[in-house]
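Structural description and commentary
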Amino acid sequence: MTGPARSVVVERPGAFRLVEAERPEPGPGEVRVRVHAAGVCASDRELFDGTRPADYARYPVVPGHEWSGMVDAVGEGVDPALVGRGTVAEGFRACQRCERCRAGEQTLCTAGYAETGFTEPGAFADYLVLPARLLHPLAPDVDLTSAALLEPAAVVAAAVLRGAPRAGERIAVLGCGTLGLLAVQLLAASTPVELLAVDPRPRPLELAAEMGATRALTPERVGEGPGAFDLVVETAGAPGTAADACRLARRGGRVVLTGVPEPGALGLDPVLLLVNQLTVAGIFGAAPAAWSYAVHAFNHGLLRPEKLVSHQLPLASFGEAMRLVGSGDPDVGKVLLMP
């Protein structure tokens, strides 16, 4: 099959164009996906602005690492029954051979960083070709539009798996952007006795309460008292939120950091970590087990991301999407490009 296919190419920081070429063909072990929706996040804006670390970007590139779509064609050696199936897919292109990959820690692959939308062609396009082994097929009756948020949901799922919440615990989530609100939903399923959501913005706090938070407070209202939470999941990546997360944790508590701060963020207090015997973990990306967890929760209705979407734009409006994501407007939630 041949025919035109559009894609957004970021040639270099600040420069992009919408190009048209022949529809790509899948090779052996690959599938071609007709992209349904692709989410735009802060890391895409970093790629566009040129502020993403050089080891984690390659120009020119087609961005787009959060997406959903329908399998359109398969290459040699791939099950043809996948054609017509709704799907999402892992973004990290781990080698599957190194010691870390064999231990199930594909996001720590020692063969070097490669990820859809940053070093490999992404989903700001009509079609996406990628290895079939990365696919996570969806249930037939799910909403493909909200499924585009399953990439950030998989990152949150990795944080939840690392944090290992138990029924009856007190849990706090710092930051109610996309990651934080997805975290609230997944953590609510663990039946905590308290689930606190913290964010300085009114609208995200309202959404957090709708999605399962038992309390939703601004940072000022949380106060500076002694930590009382069994598990704290930090998603904001603001200069002080990692340190705040450790202060919120009880003695012997657990902290999982998922927000990526800019240079100059406050460091963690080693005395606090030592004396309170905190367990602190960091999450960057999502391994296959986290993807499976997120997709299972989505397929069965435990994860409902549709309320997080604020804008749906055509592919040609990439420039407007970049403006919205970088605007700081509190009414801008998840922006989707719809090829």
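Check the entry above for the structure.
Residues numbered from 1 in each chain as written. Predicted model: local features only at pLDDT ≥ 70, side-chain atom pairs only at ≥ 80, totals over all residues. Heavy atoms only, no water.

Some thoughts on empty space enclosed by the protein
Across all of its chains, the model carries one cavity of 30 Å³ or more by this definition. Quantified by volume, the largest cavity comes out at close to 30 Å³. Gly91, Phe92, Glu115, Glu151, Gly285, Ala286 and Trp291 are the residues that line the largest cavity. (1 Å grid on protein atoms, 1.4 Å probe; cavity = no way out; pocket = protein on both sides within 12 Å on 5 of 7 lines; lining within 4 Å. Points joined across faces, edges and corners; volume = space filled by probe spheres on them.)

Points about the state of the cysteines
Inspection of every chain in the model, using the stated rule, returns zero disulfides. You can see Cys109 has no disulfide; the closest cysteine sulfur is in Cys95, sitting 3.6 Å from it. A relative accessible area of 15% places Cys109 in the buried class. Unpaired in terms of disulfides, Cys246 finds its nearest cysteine sulfur in Cys176, a separation of 18 Å. (Disulfide = S-S within 2.5 Å. Buried < 20%, exposed > 50% of the residue type's maximum accessible area, 1.4 Å probe, protein only.)

What to know about the pairing of strand 4 (residues 66-74)
It is a general feature of regular strands that their side chains alternate between the two faces of the sheet. As defined by bridge partners, strand 3 (residues 30-40) adjoins strand 4 across eight bridges and the pair is classed as antiparallel. Along strand 4, the bridge assignment pairs Val31 with Val74. (Pairing = 2+ DSSP bridges. Helix = DSSP H or I, 4+ residues; strand = E, 2+ residues; numbered from the N terminus.)

With respect to the side chain of Ser43
Looking at the element boundaries, Ser43 is found in helix 1 (residues 42-49). Once residues within four sequence positions are removed from consideration, Ser43 is found in contact with Arg52, His65 and Phe118. (Contact = heavy atoms within 4.5 Å.)

Considerations on the pattern of salt bridges
A full pass over the atoms with the stated rule returns 19 salt bridges. Residue Arg170 is joined to Glu194 by a salt bridge in which the shortest nitrogen-to-oxygen separation is 2.5 Å. Taken together, the residues span a long stretch of sequence, with Arg170 in strand 8 (residues 170-174) and Glu194 in strand 9 (residues 194-198) at a distance of 24 residues. Looking at Arg170, the relative accessible area reads 27%, which means it is partly exposed. We classify Glu194 as buried; its relative accessible area is 11%. Note that Arg201 and Asp199 form a salt bridge whose closest N and O atoms lie 2.8 Å from each other. A relative accessible area of 30% means that Arg201 is categorised as partly exposed. Salt bridges linked by common partners bring Arg6, Arg34 and Asp126 together as one network. (Salt bridge = Lys/Arg side-chain N within 4 Å of Asp/Glu carboxyl O.)

Some thoughts on the layout of surface pockets
Taken as a whole, the second largest pocket spans an internal volume of roughly 480 Å³. If you go around the second largest pocket, you meet 23 residues; those closest to its centre are Glu105, Thr107, Leu108, Phe284 and Ala287. Contributions of two or more residues to the lining of the second largest pocket are made by helix 4 (150-163) and helix 10 (288-299). When residues are assigned to domains, the lining of the second largest pocket turns out to be shared by domain 1 (5-137 + 305-337) and domain 2 (154-282), each giving three or more. (Domains from an automatic or database assignment.)

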